[in-house]
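# Coordinate analysis (summary)
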Amino acid sequence: MRKFIPILIGFVFLFAAVMPSTIAQAQADTKISLKEAIEIAKTKLGISGSGYDFISSYSEYGNYKVWNLTWNSTTKGTISVSVNANTGEIVSYSTWTPTSEPYKPVIPKYTREEARKVAIEFLQKITPEKFKQTKEIVPSYPLGIYYDANYSFSFERIVNGISFPNNGLYVYVDKNTLKVTSYFQNWEDYSFPKPENIITKEEAIKIFKEKIGLTLQYALIPPQSEKESYKTLLVYGVYQNAPIDAFTGEVKKPLYYYPMPGGRTAGPAGEKEMQLTPEEKKEIEASEKYISKDKALEIAKNSLPFSLEGYKLESASLYTDTYYAPAKNPTWSFYWNLQKDNKYFYVNASVDAVTGELTYFSKTVSDIEDKDKQPKYTSKELGEIAEKYLERIIPEKFKNTKYFNETSNPDYSPNLYTFTYLRTVNGILAPFDNITITLNPYTGEITSYYLNWTNVNFTPAENVITLDEAYKILLDNYEMKLNYILDYDYKSPDAPPKVKLVYQLDFYGYIDAKTGTLLDGMGRPIVKESKVTFTDIEGNWAEKDIKLLAEYGIIEVEGDKYYPDKEITQKDFIKMLVKTVQPPYYDPMPKSSKDYDTYYAIAISKKIISPEEKNPDSPVMRLEAAKMLVNALQVGYIAEIPNIFSISFKDKNEIPKNMIGYVAIISGLNIMRGSDGYFYPQHPLTRAEAAAVLVRYLQVNK
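Per chain, residue numbering runs from 1 following the sequence as it is written. Restriction of local features to residues with pLDDT of at least 70 applies here, the model being predicted, together with a cutoff of 80 or more for giving and counting side-chain atom pairs; totals for whole chains, interfaces and linings are based on all residues. Only hydrogens and water are set aside when side-chain values are computed; all heavy atoms of the structure are taken into account.

On to the overall build of the protein. Secondary structure counts use DSSP, requiring at least four H or I residues in a row for a helix and at least two E residues in a row for a strand, with both numbered from the N terminus. For the protein, the helix and strand inventory stands at 18 helices and 25 strands. Burial classes follow relative accessibility: with a 1.4 Å probe on protein chains only, a residue under 20% of its type's maximum area counts as buried, one over 50% as exposed, and anything between as partly exposed. When the 702 residues of the protein are sorted by exposure, 46% land in the buried category. For the protein, the share of sequence-separated contacts (at least 6 apart) that also reach a separation of at least 24 residues comes to 63%. Residues count as neighbours in contact if any of their non-hydrogen atoms are within 4.5 Å of one another.

Below, the discussion takes up the packing of aromatic side chains. Aromatic pairing here means that ring centres of Phe, Tyr or Trp (its six-membered ring) are within 6.5 Å. Orientation follows from the plane angle: under 30 degrees is stacked, over 60 is edge-to-face, and everything else is tilted. Overall, the coordinates contain 26 aromatic pairs when judged by the stated rule. Measuring from centroid to centroid gives 6.5 Å for Tyr-190 and Phe-192, while their planes differ by 90 degrees, and the two rings are edge-to-face. For the pair Tyr-190 and Phe-192, one class covers both residues: buried. Consider the rings of Phe-649 and Phe-679, whose centres lie 5.3 Å apart with planes at 55 degrees: the pair is tilted. Of this pair, Phe-649 sits in the loop between helix 16 (636–639) and helix 17 (660–668) while Phe-679 sits in the loop between helix 17 and helix 18 (687–698), and the two are 30 residues apart along the sequence. Exposure remark for Phe-649: the relative accessible area of 13% places this residue in the buried category. For Phe-679, a relative accessible area of 0% translates into the label buried. These aromatic residues form a ring-pair network of at least three members: Phe-164, Tyr-190, Phe-192 and Tyr-484. To sit over a ring, a charge needs its Lys NZ or Arg CZ within 6 Å of the ring centre and within 35 degrees of the ring normal. Here the basic side chain of Lys-209 rests over the ring of Tyr-471, its NZ or CZ set 4.8 Å away from the ring centre.

Right, let's talk about the environment of Ile-212 for a bit. Structurally, Ile-212 is set in helix 6 (residues 201–212). For Ile-212 and Val-251, which are 39 residues apart along the polypeptide, the C-alpha to C-alpha distance reads 8.1 Å. In this view, Ile-212 contacts Ile-207, Val-238, Gln-240, Asn-241, Ala-242, Ile-244 and Val-251; residues no more than four positions away in its chain are not counted.

Moving on, we come to helix 9 (residues 379–393). One less than the residue count of a helix, multiplied by 1.5 Å, gives the span that helix is expected to have. Here helix 9 spans 21 Å end to end across 15 residues, near enough to the 21 Å set by a 1.5 Å rise per residue. Three or more residues of helix 9 are buried, namely Leu-382, Gly-383, Ala-386, Tyr-389, Leu-390 and Ile-393. The buried residues of helix 9 occupy an angular sector of 130 degrees when the element is viewed end-on, so they sit on one face. Turned more than 90 degrees from where helix 9 packs its buried face, Lys-380 and Lys-388 sit exposed. Throughout, the arc means the angular range of directions from the helix axis out to the C-beta atoms.

Before going further, it helps to spend a moment on the pairing of strand 17 (residues 358–363). Strand 17 sits mainly inside the fold: five of its six residues count as buried. By this definition, two strands are paired if DSSP reports at least two bridges between them. In this sheet, strand 17 lies alongside strand 16 (residues 343–352) in antiparallel orientation, the contact comprising five bridges. Among the inter-strand pairings, Val-347 is bridged to a residue of strand 17, identified as Lys-363. Taking the residues between adjacent antiparallel strands as the criterion, strand 16 and strand 17 are bridged by five residues, where Gly-356 takes a positive phi near 75 degrees.

What follows covers the nonpolar core. What is meant by a nonpolar core is a set of buried Ala, Val, Leu, Ile, Met, Phe, Trp, Tyr and Cys residues, joined one to another through side-chain atoms within 4.5 Å. The biggest cluster of nonpolar side chains holds 91 residues, and the ones touching the most others in it are Val-81, Leu-549, Phe-573, Leu-629 and Met-672. Both domain 1 (22–186) and domain 4 (542–699) contribute no fewer than three residues apiece to this core. Listed in part, the 45 residues of the second largest apolar core include Tyr-230, Val-456, Leu-501 and Phe-507. How far each domain reaches was decided by an automatic or database domain assignment.

Our next topic: the packing of helix 3 (residues 34–45) against helix 4 (residues 112–126). Whenever a helix is involved, its axis is fitted only over the stretch in contact; in every case the axis is a line through C-alpha atoms, and angles between N-to-C directions fall within 0 to 180 degrees. Relative orientation of the contacting elements helix 3 and helix 4 amounts to 145 degrees, with a least axis distance of 10 Å. Crossing hand, helix 3 versus helix 4: right-handed. Listed contacts from helix 4 to Thr-43, Lys-44 and Leu-45 of helix 3 are Phe-122, Lys-125 and Ile-126. We call Asp, Glu, Lys and Arg charged. Ala, Val, Leu, Ile, Met, Phe, Trp, Tyr, Cys and Pro are nonpolar, and the rest, Gly among them, are polar. Taken together, the residues that form the contact of helix 3 with helix 4 break down as three nonpolar, one polar and two charged. By definition, turning the near helix anticlockwise from the far helix through less than a right angle yields a left-handed crossing, and turning it clockwise yields a right-handed one.

Should a side-chain nitrogen of Lys or Arg be within 4 Å of a carboxyl oxygen of Asp or Glu, the pair is scored as a salt bridge. Per the stated rule, a full pass over the model turns up 22 salt bridges. Glu-136 is paired through a salt bridge with Arg-116; the nearest N and O atoms lie 2.6 Å apart. One end of the pair, Glu-136, is in strand 5 (residues 134–137); the other, Arg-116, is in helix 4, and 20 residues separate them in sequence. When its relative accessible area of 27% is taken as the criterion, Arg-116 is described as partly exposed. Where Lys-571 meets Asp-617, a salt bridge forms, and the shortest distance between an N and an O atom there is 3.0 Å. Linking Lys-571 in helix 13 (residues 570–581) with Asp-617 in the loop between helix 14 (596–605) and helix 15 (622–632), this pair joins segments that are 46 residues apart in sequence. Judged by relative accessible area, which is 22%, Lys-571 ranks as partly exposed. It is possible to trace a salt-bridge network through shared partners that takes in Asp-245, Lys-252, Asp-487 and Lys-500.

Turning our attention to the packing of helix 13 against helix 14. Contact geometry of helix 13 with helix 14 gives a least axis separation of 9 Å together with a crossing angle of 60 degrees. Judged by the angle between their axes, helix 13 and helix 14 are oblique. The handedness of the crossing between helix 13 and helix 14 comes out as left-handed. Residues Gln-570, Lys-571, Asp-572, Ile-574, Lys-575, Val-578 and Lys-579 of helix 13 form the contact with helix 14, whose own contacting residues are Tyr-596, Tyr-599, Tyr-600, Ile-602 and Ala-603. For classification purposes, an angle smaller than 35 degrees is called roughly parallel, one larger than 145 roughly antiparallel, one from 65 to 115 roughly perpendicular, and anything else oblique.

Moving on, we come to the environment of Tyr-449. Along the chain, Tyr-449 falls in strand 21 (residues 446–452). C-alpha separation for the pair Tyr-449 and Thr-436, spaced 13 residues apart in sequence, amounts to 5.7 Å. Those residues in contact with Tyr-449, other than ones at most four positions away along the chain, are Leu-358, Thr-359, Tyr-360, Phe-361, Leu-390, Ile-393, Ile-394, Ile-435, Thr-436 and Ile-437. We define a polar contact as two N or O atoms separated by no more than 3.5 Å, with the added condition that, inside protein, one atom must be a possible hydrogen donor and the other a possible acceptor, whereas residues neighbouring each other in sequence contribute only through side-chain atom pairs. In terms of polar contacts, Tyr-449 uses its side chain to reach the backbone carbonyl oxygen of Leu-358, at 2.7 Å.

A few words now on the pairing of strand 19 (residues 417–425). With eight of nine residues buried, strand 19 lies mostly within the body of the structure. Here strand 18 (residues 401–408) pairs with strand 19 via seven bridges, running antiparallel. Opposite Thr-407, over in strand 19, you have Thr-418 as the bridge partner. Here strand 19 runs beside strand 20 (residues 428–439); their pairing, made up of nine bridges, is antiparallel. Along strand 20, the bridge assignment pairs Leu-422 with Asn-434.

Below, the discussion takes up the side chain of Asp-572. Within the fold, Asp-572 resides in helix 13. Engagement of the side chain of Asp-572 in a polar contact is seen with the side chain of Thr-569, the distance being 3.2 Å. Here the side chain of Asp-572 touches Tyr-596 through a polar contact of 2.8 Å, side chain to side chain. Once you skip the residues sitting within four places of it in the chain, Asp-572 turns out to touch Tyr-596 and Arg-687.

Further remarks concern helix 11 (residues 467–477). Within the span of helix 11, buried status applies to Ala-470, Tyr-471 and Leu-474. With its buried residues spanning 100 degrees around the axis, helix 11 presents them on a single face. The exposed set on the far side of helix 11, more than 90 degrees from its buried face, consists of Asp-468, Lys-472 and Asp-476. On the buried face of helix 11, the contacting elements are helix 6, strand 10 (231–237), strand 23 (498–505) and strand 24 (510–512).

A negative phi angle is the norm for most residues apart from glycine, just as the trans form is the norm for most peptide bonds. Phi is positive for Asn-197, close to 60 degrees, though the residue is something other than glycine. The residue Tyr-563 is not glycine, and still its phi comes out positive at about 55 degrees. Among the structural elements, Tyr-563 can be located in the loop between helix 12 (543–551) and helix 13. Classification of Tyr-563 as partly exposed rests on a relative accessible area of 46%.

Structure follows, in structure tokens:
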């Protein structure tokens, strides 16, 4: 299918080294010759080709034909270009240059805005007509300074004034050289329905409320630190969002079931030392209460909806699943197999070692020999079989569920039916817990079953906002928008997709049911990108540094004033310094921008500051800032060594002997420079100075 064309572009370079150009030329039946493709690439991209080895290859997928050109040099690096063999358009480009420089500064030489101009100029030169049909997708989160040497820019395709997210242009620009390092396009020819005689946005919102809608539910929130545990939070959420057909109003439900945000996620984990700790002793005592293997086997055999006659037990194990938190009870797991008529069959089953409940099983499903054979059982009949079985093996849990949906997979033979039931607590949905059961419509046999049920506490549903209030919050912050999407016919996997015009509400988080706060899937408040800029820094000597730190989220833009000449408080300096020391995934995670206690806890754990030095609202003296910065560099122990440092500042007599090492290091690294030969150790640090020293701190080769 054509949805794999972007993947194909990424792989064609792999084959360039193994297909000589003469073979490629022989295979090509194109409007653009190899010679023309080379000339196009060299002219538009400014490739000299001198000093490089050169190799080419040719690929096609249906009507899509492409020349793949590679220039390679052990000293100059590699340049790879793909040229559409029918149109002559450059569809992808990447370059790599070897360097002996082991370090690239965390704070880049150029701003994102400077790189953006380069990206736009590149696209206007390489693909001007397509570029006119796009709009830039601006990231709504602070730039990452820890992971990528490039700025990335995405331009989404626009058709009839409507977004088509499946197609676009993508450019990467080096943060320190402003060179384009990579470019590719995903752009295909489709027939787009015109936005005529469609339902209105108001009608789409009404359908959303009636057929998709917000529901009062419990979300499972992962711990924000190792000291915390999983908890539930009462929220309004969209359990399974879906596009709405702009012509018919039909809800396009996904074919398969996917867990919602806030479901099971891997929690904090760490290996314990191999010694008998109090926790291990506790585990040993608990294990004495587990049911035996023989008892678990008996439960499994009595609970399975089929006989194990002829099957041989191959393995049995008792384990606790700690990968998907919150941890469940220990489980007995069994594996049986059977060889019959030169075919192998298997059965897996698990039993809760504490409650004795069957939690899982699956068995081999045989193919249907007659492909045209019609199923013996209807979906309704299969559902009745499933529910009768669940009422037998887990009656109390099944009683506290709500039927969610039935799905099938036409790509497989036989086409099995899976039924999903979601947990409810006091009538409120807890969708992170569920029961799934799968049946064969040709035999009526249950082929698999899974019980996903956590042991967590549920907060009472008290003092919650109304559904109408929740809808107002949602629709005030998220717009029901028209989009073009690709619609695949999964019953005909070889058929190309069609473009559909739909309404979509791009919301996959939560609304806190008590406070009305918008939350992400981890239960953290959603901070929308602020368009506010500081109005009091223009012309300030540290303007560029302040803007740079704000761009990277180290300085938070909460108003239109930064107050650059005001003294910075210790708590604000600590917060900014902690953000520069590590990526914004802390342990523990600050609960808000005002959670200074957590920032202090991180700073103390990293020995940036001692508990005795904590004085949140006091101004930071330059000498104090020097010590914190050196400690953040993890060389404070060197600064403490006496009699090995000397400084030449005119006011060195004002610097205590035990602080000379800190001043020597921080000034030697050019992080804090002083002025007119003075260090001014007891002068308070201004907010402008704080921004400047933090930028210099980030530029140090650590």
